[in-house]
Amino acid sequence: MLRFVVDLDVWPTNNQSKRDLRPFKTQQKISGRLTSQAATACRLQIASYVSTARKHGVSAMHALRLAFRGTPWMPPAAVVPT
């Protein structure tokens, strides 16, 4: 819990994650469903990957290009204060 006090780059709540998924949930409410369960899971995984990359200053196209090449972008390791 103290990490949020020391590292201001870490969100203390998951509200940002909820806001990222809101467009998908709105579409689901309007149509009654997105698509199949498997397609929905894949779509949300891709959206999450792109959203995380963009939050770290990596363009969506660059992150997707790396993923298609087989070397997906990964966020930097957390720095633990000593």
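Residues numbered from 1 in each chain as written. Predicted model: local features only at pLDDT ≥ 70, side-chain atom pairs only at ≥ 80, totals over all residues. Heavy atoms only, no water.

This part covers the nonpolar core. By size, the foremost hydrophobic cluster in this structure holds 7 residues: Tyr49, Val50, Ala53, Val58, Ala63, Leu66 and Trp73. Breaking this core down by element, the ones donating at least two residues are helix H3 (37-55) and helix H4 (60-68). Apart from the residues within four sequence positions on either side, Ala63 is in contact with Tyr49, Ala53 and Val58. (Core = buried A, V, L, I, M, F, W, Y, C linked by side-chain atoms within 4.5 Å. Buried < 20%, exposed > 50% of the residue type's maximum accessible area, 1.4 Å probe, protein only. Helix = DSSP H or I, 4+ residues; strand = E, 2+ residues; numbered from the N terminus. Contact = heavy atoms within 4.5 Å.)

We now examine the packing of H3 against H4. How two helices pack is summed up by the angle between their axes together with the distance between the axes. Between H3 and H4, the shortest axis-to-axis distance is 9 Å and the interhelical angle comes to 125 degrees. With respect to H4, the axis of H3 lies oblique. Note on packing geometry: the crossing formed by H3 with H4 is right-handed. Contacts from Ile46, Tyr49, Val50, Ala53 and Arg54 in H3 reach Ala60, Ala63, Leu64 and Ala67 in H4. For the contact of H3 with H4, a count of residues per class yields 8 nonpolar, no polar and 1 charged. (Axes fitted to C-alpha atoms, helices over the stretch in contact; angles between N-to-C directions. Parallel < 35°, antiparallel > 145°, perpendicular 65-115°, else oblique. Left-handed = near helix turned anticlockwise from the far one by under 90°. Nonpolar A, V, L, I, M, F, W, Y, C, P; charged D, E, K, R; others polar.)

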